[in-house]
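Descriptive analysis of the structure
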Amino acid sequence: MLTFRRAFVAAALLLTIFYLTTTRSTPPTATPPVQLPQTFPKTQPPPDSSRQASTTAVSSDQKASSASPIRHGSPSVERPSRSGQHTMQDMSKLSLYDKLAYQFPYDVEAKFPAYIWQTWKWTPAHGEFQFREQEASWTEQHPGFIHEVITDQVAVNLLRLLYASVPEVLEAYEALPLPVLKADFFRYLILLARGGIYSDIDTYALQSALEWIPKSVPRSAVGLVIGIEADPDRPDWKDWYSRRIQFCQWTIQSKPGHPVLREIVSRITDQTLKRKRAGSLRGVDDKNVIEFTGPALWTDIIFEYFNDNRYFDMKHSAGPIDFQNFTGMDTAKRVGDVIVLPITSFSPGVQQMGAKEYDDPMAFVKHDFEGTWKPESERHIGA
């Protein structure tokens, strides 16, 4: 006879069986993987990304304001599929520039990767590593970032992995005759493939990269952050510097695939292989480095980008972008998807060209210039 007590027990048993059955048939929720802190989250809707962005130019004598724009909008981008898949292409028929665009697509709306890349002949664990304070400053200012100090041999193997599908880039890297040339090339290659921050091993992080982009600029509209190295406003500037305005490349922040990085990698690869086949690579000496792979070439390509009608609507521009748009600036300026920082940001305390001291709010990185002028026998990838 089904008593009330028996009915209650039976009902409880049925509920227990039902609970166990349903929980076992549904896979348990996996513990989410630890996520790196996402730098520069989107705070505003993404900018218009038509083939040619709407642009506005300022006259050469306009005073800089906080992130004063020279050209608005973002360049055309080859956004990857949201599924993360690429349409297969015959790479053999593409130019090197297009191969790199296919391999490392650029998405201005993506977040800045939380990587810090530095290079030296030893890692911090090695007893002869002499840049502990500088290296530690980057970790202290960027908790949670992946911070790598890469040795020469690790750099070679890393590039072989990243650029396996673009063998001409690897051939060019391995053919470069001077370690300082490889040092320059490596920073462009790692940022093109992985993005993040590259900074020379002899630099101190004075402030977090979270402070580099003005708060008024959406992080989803910026893909490259650069600083001014030299602004020599003097008649004999050519005796001291290669360019009237020179952008530094000892500290760069970028998202993967940025067109400026794609162009400089293509340019260095083409020139290196051309010289290799002509048997003239050994003729590259220390005096040629700045033009071949260094800040002179870097500066030229950035200015080319600012004036490239593939990315900016030049018909509505007040004129070409040149050194006059940046000389004397003391706050950030935006050109499309590029933030240009004043000389104080990456060169504080140099006591010239308008650079302010290390405690200035716009001082972000201190550069000690260790190893820059060492003899060739002492140079290495991080020099």
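These numbers come from a predicted model, not from an experiment.

**Considerations on the overall build of the protein**
A count of helices and strands for the protein gives 10 helices and 11 strands. In the protein, the share of contacts with a sequence separation of at least 24, taken over all contacts with a separation of at least 6, comes to 75%. Carbon together with sulfur atoms contributes 55% to the accessible area of the protein, which is approximately 18700 Å² in total.

**What to know about helix 9 (residues 295-306)**
For helix 9, with 12 residues, the first-to-last C-alpha span of 16 Å sits near the 16 Å given by 1.5 Å per residue. For helix 9, the full list of buried residues reads Pro295, Ala296, Leu297, Trp298, Thr299, Ile301, Ile302, Phe303, Tyr305 and Phe306.

**Some points on helix 4 (residues 152-162)**
Within helix 4, burial applies to Ala155, Val156, Leu159 and Leu162. End-on, the buried residues of helix 4 take up no more than an arc of 135 degrees, which puts them together on one face. Taken together, the buried residues of helix 4 touch strand 3 (146-150), helix 5 (167-175) and helix 6 (179-194).

**Describing the pattern of salt bridges**
All chains considered together, the criterion is met by 16 salt bridges. Where Glu174 meets Arg160, a salt bridge forms, and the shortest distance between an N and an O atom there is 3.1 Å. Residue Glu174 is located in helix 5, and its partner Arg160 is located in helix 4; the two are separated by 14 residues in the primary sequence. On the accessibility criterion, Arg160 (40% relative accessible area) is partly exposed. A salt bridge links Lys215 to Glu211; its shortest N-O distance comes to 3.1 Å. Among the residues examined, Glu211 registers a relative accessible area of 38% and is labelled partly exposed. Counted as one network, the salt bridges with shared partners bring together Glu171, Lys276 and Arg277.

**What about the environment of Asp202?**
Among the secondary structure elements, Asp202 is positioned in the loop between strand 4 (196-199) and strand 5 (203-205). For Asp202, a relative accessible area of 2% translates into the label buried. In this structure, the C-alpha to C-alpha distance between Asp202 and Thr119, residues 83 residues apart in sequence, is 9.9 Å. A distance of 3.1 Å separates polar atoms of two side chains, one belonging to Asp202 and the other to His367.

**Quick look at the confidence of the model for the protein**
In the predicted model, the protein carries a mean pLDDT of 80, and the fraction of residues at 70 or more is 73%. Predicted confidence is poor over residues 14-66, with pLDDT under 50, and the contacts of this stretch with residues over four places away or in other chains come to 76 contacts. Throughout residues 372-383 the model reports pLDDT below 50, and contacts reaching past four residues in sequence, or to other chains, amount to 32 contacts.

**What to know about the nonpolar core**
Counting 63 residues, the largest nonpolar core has Tyr163, Phe185, Phe247, Trp298, Phe306 and Phe326 as its most contacted members. If one sorts the elements of this core by residue count, helix 6 sits on top with 10 residues. Aside from chain neighbours lying at most four places away, what touches Phe185 is Val169, Ala172, Tyr173, Leu176, Val265, Ile268 and Thr269. In this structure, Ala205, Trp212, Val222 and Phe364 belong to the second largest nonpolar core, which totals 22 residues.

**Some words on the packing of aromatic side chains**
In this description, an aromatic ring pair is defined by two values, namely the gap between the centres and the angle between the planes. Applying the stated criterion to the full structure yields 17 aromatic pairs. Note on Tyr173 and Phe185: the rings are 6.4 Å apart at their centroids and 35 degrees apart in plane angle, and the pair reads as tilted. Of the two residues, Tyr173 is situated in helix 5 and Phe185 in helix 6; the sequence distance between them amounts to 12 residues. Here the aromatic rings of Phe247 and Phe326 are separated by 5.8 Å at their centres, their planes lie at 80 degrees, and the arrangement is edge-to-face.

**Observations regarding the side chain of Arg334**
Summarising the element assignment, Arg334 is placed in strand 9 (residues 333-335). The side chain of Arg334 is buried and forms no salt bridge, while Asp337, the nearest opposite charge, is found at 7.6 Å. Of the polar contacts made by the side chain of Arg334, one reaches the backbone oxygen of Gly336; its length is 2.7 Å.

Criteria and cut-off values
- Residues numbered from 1 in each chain as written.
- Predicted model: local features only at pLDDT ≥ 70, side-chain atom pairs only at ≥ 80, totals over all residues.
- Heavy atoms only, no water.
- Helix = DSSP H or I, 4+ residues; strand = E, 2+ residues; numbered from the N terminus.
- Contact = heavy atoms within 4.5 Å.
- Areas by Shrake-Rupley, 256 points an atom, 1.4 Å probe, with all protein chains shown as cover.
- Expected span 1.5 Å × (residues − 1).
- Buried < 20%, exposed > 50% of the residue type's maximum accessible area, 1.4 Å probe, protein only.
- Arc of directions from axis to C-beta.
- Salt bridge = Lys/Arg side-chain N within 4 Å of Asp/Glu carboxyl O.
- Polar contact = N/O pair within 3.5 Å; in protein donor to acceptor, adjacent residues only side chain to side chain.
- pLDDT = per-residue confidence, 0-100.
- Core = buried A, V, L, I, M, F, W, Y, C linked by side-chain atoms within 4.5 Å.
- Phe/Tyr/Trp six-rings, centres within 6.5 Å; stacked < 30°, edge-to-face > 60°.
- Lys, Arg positive; Asp, Glu negative; His and termini not counted.

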